[in-house]
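# Summary of the model geometry
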Amino acid sequence: MSTATHYDIIIIGTGSGGGTLAYKLAPSGKKILLLERGGYLPREKDNWSSKTVFLDNKYKAKETWKDKDGGTFHPGIHYNVGGNSKVYGAALLRMRAQDFGEVKHRGGVSPEWPISYDDLEPYYTQAEHLYYVHGTRGEDPTEPKASAPYKYPALTHEPRIQELHNDWQKCGYQPFHLPVGVMLNEEHKEQSACIRCSTCDGFPCLMNAKADSQVVCVDPALQYPNVSMVTSALVTRLETSGSGREITGVVVERNGQQEIYKGNIVVVSAGAINSAALLLKSANEKHPTGLGNSSDMVGRHYMCHNNSAMLAISKRPNPTVFQKTIGLNDFYFSSREWDYPMGHISMIGKSDLDTLRAGAPAFAPDKALDAMAKHSLDFWMTSEDLPDPNNRVLVGKDGGITLAYSENNLEAHQRLAAKLKSMLNHIGCEDRLLPTHLYLGKKIPIAGTAHQCGTVRFGHDPKTSVLDVNCKAHDLDNLYVVDASFFVSSSAVNPSLTIIANALRVGDHLLERLHE
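Owing to the predicted nature of the structure, the values given are computational and were not obtained by experimental measurement.

A separate point is the overall build of the chain. For the chain, the helix and strand inventory stands at ten helices and 21 strands. Relative to its length of 516 residues, the chain is compact, with a C-alpha radius of gyration of 22 Å against a globular reference of 24 Å. Along the three orthogonal principal directions, the C-alpha set of the chain runs to about 70 × 50 × 50 Å. The buried share of the chain, taken over its 516 residues, is 59%. Taking the intrachain contacts of the chain between residues at least 6 apart in sequence as the baseline, contacts between residues at least 24 apart amount to 73%.

Here it is in structure tokens:
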């Protein structure tokens, strides 16, 4: 069934890319349709249950993908209005200025981007203001220049985290307040939407006080009469004209029926894995290997970071509620420790009994796990993984997704982990650690797709990239991809703010095009 309405622009996906783009374009008056394969994530008490969220995986997509060896796994994907931003940790950092150039790593070279940091800087500022980012300029030694201060003050450290901050400083390091996107007013708490709870990182926000795409962008965009959204709308393929140069139909499965939507411009914002998969599934006579794939680059160069969660067990209790307020970038680039970049250190949400139970052996007693949770310092480490054409998204004849990924640049990550361990023993924390010096180091496996990027890279040369610098497909005149797919390297910071900033940048380009 083909719908009668013709749209100026159709956006597939409502996460940090698609949702932000819709918000940017909404005031234009152009007829905009958002297609979302999920629905609104329910607001319910279970939003705050670590058992429900992490053990039962209530809000995670119920689908199975394959790895390069044919093994199956359940990806950490969330299909709902707002996409994965509904459960992200809201750490919103800019890529460093040097990340846009060529960076030499022990494991290889991180390539130069086709745009510079200066090209994206104004949009980073807009993104920080739009997504309620709290922070302080001038603390992070790797921080790039900014055209404006943070609009919202940095989140204060709770006492145990302030101690960590002070100890790091005593050792000559330069910790900084982590930029976080929450609607918190610490000065006037009675006016604050955010209550600074312990269930933020990895949880949906029951208060709608986390700066996610649904709350910040999609819902406000839908207030405009020219913007509409269809939920439970799974896009299965994109149809093209006879010449292959234009998308003429967006094929949707909804409520057991097929629907076709038509628009002048189509934007794919389904996330780096699903956006690449949709282009591959849409192969036709003019695009035999997938839409926009004359370069054979669609699906290739998948990146997701080398990420690890690490638990340090301290003798002194850590009663911190909202722990994700501190970061350390002293080893982001080369340092006196090593000639190559290692990465970024920050905190994650505070562990409790249920979150520890999720990763603990079955024989671990609850009493011991509870004691660990009450004494834990919960660290997050990110190191850059490098683009490899063999790390890729593939689609089978049945439409199933295979994520072929081999880890790389691991020495940097291993050194960062070793540095953190040695640091904890030399910053006045020895007497706060259990005698066993217990660490639970956990490298995030292939199912951890939260930092997915790089599968539909942009560039100047159609032979080596899928998109041009405005994120329009080289091979088609009206197809854009606006999510983390366009990345040519992953840097070592969360991709979210760069996705948002780029959506605002592409939005300016589309506004010009729509008014030509």
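More follows now that the structure is in view.
The next point concerns the sheet that holds strand β3 (residues 65-67). Backbone-to-backbone hydrogen bonds join strands into a sheet, with any given pair of strands oriented parallel or antiparallel. Strand order in the open sheet formed by four strands is β4-β3-β19-β18, with mixed pairing between adjacent strands. Pairing within the sheet leaves two strands with one partner each, and these edge strands are β4 (72-73) and β18 (392-395). With two bridges joining them, β3 and strand β19 (residues 401-404) adopt parallel strand pairing. Counterpart to K66 in the pairing with β19 is T402. Helix α6 (residues 272-281) contacts β3, β18 and β19 of the sheet and is inclined by roughly 45 degrees relative to β18.

In this section: the packing of helix α1 (residues 18-25) against helix α5 (residues 213-221). Following both chains from N to C, one finds α1 and α5 inclined at 40 degrees, their axes separated by 8 Å at the closest point. In terms of orientation, α1 and α5 fall into the oblique class. Read as a crossing pair, α1 and α5 show a hand that is left-handed. Contacts between α1 and α5 involve G19, T20, A22 and Y23 from the former and S213, V216, C217, V218, P220 and A221 from the latter. Class assignment of the residues belonging to the contact of α1 with α5 gives a composition of seven nonpolar, three polar and no charged.

Take the pattern of salt bridges next. Counted under the stated rule, the structure contains 28 salt bridges. Note that D118 and K145 form a salt bridge whose closest N and O atoms lie 3.4 Å from each other. Separated by 27 residues along the polypeptide, D118 in helix α3 (residues 117-130) and K145 in the loop between β7 (133-134) and α4 (159-170) bring together distant segments of the chain. Within the structure, one salt-bridge network assembled from shared partners comprises R94, E121, E128, R137 and E143.

The subject of this paragraph is α3. Helical periodicity: at 3.6 residues per turn, an α-helix aligns residues three or four positions apart in one direction. A rise of 1.5 Å per residue sets the reference length of α3, with its 14 residues, at 20 Å; its end C-alpha atoms lie 19 Å apart and thus fit the reference within 8%. Y123 marks the point of greatest bend in α3, at about 25 degrees. Buried within α3 are the following residues: Y117, L120, E121, Y123, Y124, T125, A127, E128 and L130. Elements that come into contact with the buried residues of α3 comprise α1, β7, α5 and α10 (496-514).

What follows is about empty space enclosed by the protein. Under the definition given, this model contains three cavities of 30 Å³ or more. Empty space within the largest cavity amounts to approximately 110 Å³. Considered class by class, the residues forming the lining of the largest cavity number five nonpolar, three polar and seven charged.

Quick look at the packing of α3 against α10 now. Taken N-terminus to C-terminus, the directions of α3 and α10 make an angle of 110 degrees; their axes are 8 Å apart at the nearest point. Accordingly, the angle class assigned to the pair α3 and α10 is roughly perpendicular. Crossing angle aside, the handedness with which α3 passes α10 is right-handed. Residues D119, L120, Y123, Y124, Q126, A127, E128 and L130 of α3 touch α10, and the partners they reach there are L497, T498, I500, A501, N502, L504, R505 and D508. For the contact of α3 with α10, the per-class residue count stands at nine nonpolar, three polar and four charged.

The subject of this paragraph is unusual backbone geometry. We note that N208 has phi near 55 degrees; this positive angle belongs to a residue other than glycine. With respect to the secondary-structure elements, N208 resides in the loop between β9 (180-181) and α5. Residue N409 is not a glycine yet carries a positive backbone phi of 55 degrees. In this fold, N409 is placed in the loop between β19 and α9 (410-424).

A few words on the pairing of strand β16 (residues 344-347). By the alternation rule, side chains of β16 split into H344 and S346 and I345 and M347, which are all buried. Relative to β16, strand β15 (residues 326-328) runs antiparallel, the two sharing two bridges. By the bridge assignment, G327 is partnered in β16 with S346. With four bridges connecting them, β16 and strand β17 (residues 376-383) associate as antiparallel partners. Residue pairing in the sheet places I345 in a bridge with M381 of β17.

Cut-off values and rules
- Residues numbered from 1 in each chain as written.
- Predicted model: local features only at pLDDT ≥ 70, side-chain atom pairs only at ≥ 80, totals over all residues.
- Heavy atoms only, no water.
- Helix = DSSP H or I, 4+ residues; strand = E, 2+ residues; numbered from the N terminus.
- Rg over C-alpha atoms; globule rule 2.2 N^0.38 Å.
- Buried < 20%, exposed > 50% of the residue type's maximum accessible area, 1.4 Å probe, protein only.
- Contact = heavy atoms within 4.5 Å.
- Pairing = 2+ DSSP bridges.
- Axes fitted to C-alpha atoms, helices over the stretch in contact; angles between N-to-C directions.
- Parallel < 35°, antiparallel > 145°, perpendicular 65-115°, else oblique.
- Left-handed = near helix turned anticlockwise from the far one by under 90°.
- Nonpolar A, V, L, I, M, F, W, Y, C, P; charged D, E, K, R; others polar.
- Salt bridge = Lys/Arg side-chain N within 4 Å of Asp/Glu carboxyl O.
- Expected span 1.5 Å × (residues − 1).
- Bend = angle between axes of the 7 residues up to and from the residue.
- 1 Å grid on protein atoms, 1.4 Å probe; cavity = no way out; pocket = protein on both sides within 12 Å on 5 of 7 lines; lining within 4 Å.
- Points joined across faces, edges and corners; volume = space filled by probe spheres on them.

All we've got here are geometric facts, nothing functional implied.
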